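One letter stands for each residue in the lines below.
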Amino acid sequence: MAAVESDGVSAPLPGRCAFYVAKKKRYCKMVVGNGKKFCGEHADSDSERKRIPCPLDPKHTVFEDSLAKHLKKCNSKEKPKPVYYVKDINAGSVTEEENTIDEVSIAERSKEELNSLIQKLKTALNGLNTEPDTSLLSHPALNDALNDPKNGNFAYKHLKQQASILGNMEDLELLGPERCYVEFGAGKGKLSHWIHVALQEAENVHFLLVERSSTRFKVDGKHKNTDSTFDRLQVDIQHLDLSRVPFLQEKQLPVIAVGKHLCGAATDLALRCLFERSAKDKDCEPPTKRIKLQEKGGEEQTRSIESSEEVVVLGLTVALCCHHRCEWRHYVGKDFFRERGLGETEFSAFQRMSSWATCGMSRVKSSLNPEKSTQENVEDGEEGEHEESSENMPDHLNNDISAEEREHVGRLCKMLINHGRLHYLQQRGFKPSLRYYTSRDVSLENVLLTALPS
């Protein structure tokens, strides 16, 4: 314990800074150097040298006469960008017209405006399939994990989803040798881990994990001594040029994109990352090259692919979520919306209303078991699981539209946004589909987007 001086103020702990922080009513707790009284931050209290805020980060200070030396080693100094970083390459363009549109929250809209939006939504969905096929599958690679009695309810639910994603990939013949799996929004990398387990006997299988955040408890370390390569890119998908990734340039393998709950706009950014190239690449078409891929039954199939300038996509399976976090600038289905007489104004409304599909159910779950729900939400956040929108529900909506109808409208909003993505993939020569890959009691966000070359 710190000693107490005669004036009633605690003295600094041994080996700690002697500067008294009046705002906190205690001494600074930073460790000081041998023979020194103050820490580096408060050294000017016992010196004539002037300290100034660091221009890179004003949260800390530096001696003015040592500024040049400090700037060379400051932790806040911007690090060099990797070669595959191209700012906003997948962000999408913004027109002057779009910049002038003011977003209006649902709570600010009148009953008549909401009814008009709901009618526009239903009209736009005329002739479209709003009920995807159900494809609740599993994969033997996860059998042991699914039957492990040590699993809690939350772990079991995630394993069920991962097993179904692998089952659907098997059904689409996307599990095989001679390819690189790119996991967008990888988090800990568990989906790639299970794909690796399923393909232990396959040759020349590699993994590229894309995650913008620094992630703890990654599974990459478990595969350091395996034949497969696990490369992790800490970069926002918005700025990722896959064709510049050295690993892909070296291996020249076709790509299969995967993702488990790729949140909101991240799905659109990933689609742009996969299927759009810079204008420079489009102007200079690279020569083609032929590779042999081992298919089912041992037969070899030869496919033409582009050179290293082009990333060849053999398919994708992405579990969707958080449509309320989509953005018009990034959205790939703008043409689809415009063909139906819709634009950014309607997209902004539908994007917000999409949260109705899950927010009511989340509140019910929270009221039934607040402690469990809180824990699951924390865990879900770590894995990129669904989260509620912050939209307030206007009183007139609560009175005029039942909770069941709001949930139905929310699901229709999600489906319309998803159909824009299907349209985008079709325009790029792919055969896309939406399917329910798990039940709603496992995850409220239970739609899987898949695509294969036509």
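Residues numbered from 1 in each chain as written. Predicted model: local features only at pLDDT ≥ 70, side-chain atom pairs only at ≥ 80, totals over all residues. Heavy atoms only, no water.

The line we're drawing: UniProt positions are given in the numbering used here, feature names are shortened, and annotations may be inferred rather than shown by experiment.
Identification of the protein as tRNA:m(4)X modification enzyme TRM13 from Ictalurus punctatus is taken from an unreviewed UniProt entry. If you open the UniProt record of the protein and go to Sequence similarities (unreviewed entry), you find "Belongs to the methyltransferase TRM13 family." What the UniProt record of the protein gives under Function (unreviewed entry) is the line "tRNA methylase which 2'-O-methylates cytidine(4) in tRNA(Pro) and tRNA(Gly)(GCC), and adenosine(4) in tRNA(His)."

So, the packing of aromatic side chains
The following threshold applies: Paired rings are identified among Phe, Tyr and Trp, the last through its six-membered ring, by centres lying within 6.5 Å, and are further divided according to the angle between planes into stacked (under 30 degrees), edge-to-face (over 60) and tilted (the rest). A ring has a charge above it when a Lys NZ or an Arg CZ is no more than 6 Å from the ring centre and no more than 35 degrees off the ring normal.
For the coordinates displayed, the defined rule picks out 12 aromatic pairs. Judged by centre distance (6.3 Å) and plane angle (35 degrees), the ring pair of Trp328 and Tyr331 falls under tilted. Clustering of aromatic rings is evident, with ring pairs tying together Trp328, Tyr331, Phe336, Phe337, Phe347 and Phe350. Stacked on the ring of Phe63, the Lys or Arg Arg51 has its end atom at 4.6 Å from the ring centre.

Comments concerning the UniProt feature "coiled-coil region" (unreviewed entry) in the protein
Note the cut-off: Where helices and strands are cited, they refer to DSSP runs of H or I of at least four residues and of E of at least two residues respectively, numbered from the N terminus.
The residues that UniProt annotates with the feature "coiled-coil region" (unreviewed entry) are residues 104–131. What you have in residues 104–131 is 50% helix and 0% strand, and the ends, taken at the C-alpha atoms, are 29 Å apart.

Here's the deal with the packing of helix H5 (residues 153–171) against helix H6 (residues 190–198)
Applicable threshold: The axes are straight lines fitted to the C-alpha atoms, using for helices just the contacting stretch, and the angles between their N-to-C directions are given from 0 to 180°. Each angle gets one of four labels, with under 35 degrees taken as roughly parallel, over 145 as roughly antiparallel, 65 to 115 as roughly perpendicular, and the rest as oblique. If you view the pair so one helix is near and one far, a crossing is left-handed when the near helix is turned anticlockwise from the far one by less than a right angle, and right-handed when it is turned clockwise. Throughout, a residue-residue contact means that at least one pair of heavy atoms, one from each residue, lies within 4.5 Å. Put simply, Ala, Val, Leu, Ile, Met, Phe, Trp, Tyr, Cys and Pro go in the nonpolar bin, Asp, Glu, Lys and Arg in the charged bin, and everything else, Gly too, in the polar bin.
Look at H5 against H6: their axes get within 10 Å of each other, and the N-to-C directions meet at 50 degrees. As far as their axial angle goes, H6 and H5 are oblique. Classified by chirality, the crossing of H6 by H5 is right-handed. Of the residues in H6, those touching H5 at Leu159, Gln162, Ile165, Leu166 and Met169 are Lys190, Leu191, Trp194, Ile195 and Ala198. Looking at side-chain class alone, the contact of H5 with H6 contains eight nonpolar, one polar and one charged residues.

Observations concerning the UniProt feature "domain: CHHC U11-48K-type" (unreviewed entry) in the protein
Feature annotation in UniProt assigns "domain: CHHC U11-48K-type" (unreviewed entry) to the following positions: residues 51–78. Between the end C-alpha atoms of residues 51–78 there is a gap of 22 Å, over a span that is 25% helix and 21% strand.

Description of unusual backbone geometry
One non-glycine residue, Lys25, lies in the positive phi region at around 60 degrees. Summarising the element assignment, Lys25 is placed in the loop between strand E1 (20–21) and strand E2 (26–27). Not every positive phi belongs to a glycine, and Asp88 is a case in point at roughly 60 degrees. Structurally, Asp88 is set in the loop between helix H1 (67–73) and helix H2 (96–99).

Let's talk about the pattern of salt bridges
Close approach of charged atoms lets side chains of opposite charge pair. Formally: A side-chain nitrogen of Lys or Arg and a carboxyl oxygen of Asp or Glu constitute a salt bridge if their distance falls within 4 Å. Relative accessible area decides the class of each residue, using a 1.4 Å probe on protein chains only: under 20% of the type maximum gives buried, over 50% gives exposed, and in between gives partly exposed.
Counting across every chain of the model gives 14 salt bridges. With its nearest N and O atoms 3.6 Å apart, the salt bridge here joins Glu405 to Lys122. Of this pair, Glu405 sits in helix H15 (residues 403–427) while Lys122 is found in helix H3 (residues 111–124), placing the two residues 283 residues apart along the sequence. In this structure Glu405 comes out as partly exposed when scored by relative accessible area, which is 27%. Residue classification places Lys122 among the partly exposed residues on the basis of a relative accessible area of 34%. Of the charged contacts in the structure, one is a salt bridge between Glu407 and Arg440, with a shortest N-O distance of 2.8 Å. Here Glu407 is found in helix H15, whereas its partner Arg440 is found in the loop between strand E13 (430–436) and strand E14 (447–453), with 33 residues between them in sequence. Classification of Arg440 as partly exposed rests on a relative accessible area of 24%. Taken together, the shared-partner salt bridges in this structure form one network comprising Arg272, Glu276 and Arg428.

Things to note about the environment of Ile89
As for its position among the elements, Ile89 is in the loop between H1 and H2. A sequence separation of 183 residues divides Ile89 from Arg272, and the C-alpha atoms of the two residues are 8.6 Å apart. Look past the residues within four positions of Ile89 in its chain and what remains in contact with it is Gln238, His239, Leu240 and Asp241.

Considering H5
Note: α-helices contain 3.6 residues per turn, so residues at a spacing of three or four share the same orientation. As a reminder, the rule being used: Given the number of residues in a helix, its expected span is that number minus one, multiplied by 1.5 Å.
Over its 19 residues, H5 runs 27 Å from end to end, which matches the ideal 27 Å to within 8%, given 1.5 Å per residue. Phi turns positive, to about 60 degrees, at Glu173, one or two residues after H5.

Brief notes about the packing of H3 against helix H11 (residues 344–353)
Closest axis-to-axis distance for the H3/H11 pair is 11 Å, and the angle between their directions is 95 degrees. Our classification of the angle between H3 and H11 gives roughly perpendicular. Two secondary-structure elements touch here, H3 through Leu117, Ile118, Lys120 and Leu121 and H11 through Glu346, Ala349, Phe350 and Met353. When grouped by side-chain class, the residues that make up the contact of H3 with H11 number six nonpolar, no polar and two charged.

As for the side chain of His330
In this structure, His330 sits in the loop between strand E12 (313–321) and helix H10 (334–339). Judged by relative accessible area, which is 5%, His330 ranks as buried. With near-sequence residues (within four places) excluded, His330 lies in contact with Ala91, Gln238, Ala265, Asp268, Leu269 and Arg272.

Quick word on H11
Counting buried positions along H11 yields nine of 10 residues, so the element is predominantly enclosed. Within H11 the residues assigned to the buried category are Glu344, Glu346, Phe347, Ser348, Ala349, Phe350, Gln351, Arg352 and Met353.

Digging into the sheet that holds strand E9 (residues 255–263)
Spelled out, the test is: Two strands pair under a simple rule: DSSP has to find at least two bridges between them.
Ordered in space as E5-E13-E14-E12-E9-E6-E7-E8, the eight strands form an open sheet in which the pairing is mixed. Across the chains shown, the open sheet's two edge strands, defined by having one partner strand only, are strand E5 (133–134) and strand E8 (230–233). Judged from the two bridges that link them, E5 and E13 form a sheet pairing that is parallel. Paired with Asp133 across the bridge in E13 is Arg435. Sheet strands in contact with helix H8 (residues 265–275) are strand E6 (179–184), E9, E12 and E13, and its direction is about 165 degrees off that of E9. Strands E12, E13 and E14 of the sheet are contacted by H15, whose axis makes an angle of about 160 degrees with E13.

Considering the side chain of His223
Note the threshold: Here a polar contact is taken to be a pair of N or O atoms separated by no more than 3.5 Å, where protein atoms must pair a possible hydrogen donor with a possible acceptor and residues adjacent in sequence count only if both atoms sit in side chains.
For His223, the position within the fold is in the loop between strand E7 (205–210) and E8. His223 gets classed as buried once you look at its relative accessible area, which sits at 5%. Among the polar contacts listed, one links the side chain of His223 to the side chain of His196, at a separation of 3.4 Å. Leaving out residues up to four positions away in the same chain, His223 has contacts with His193, His196, Ser228 and Phe230.

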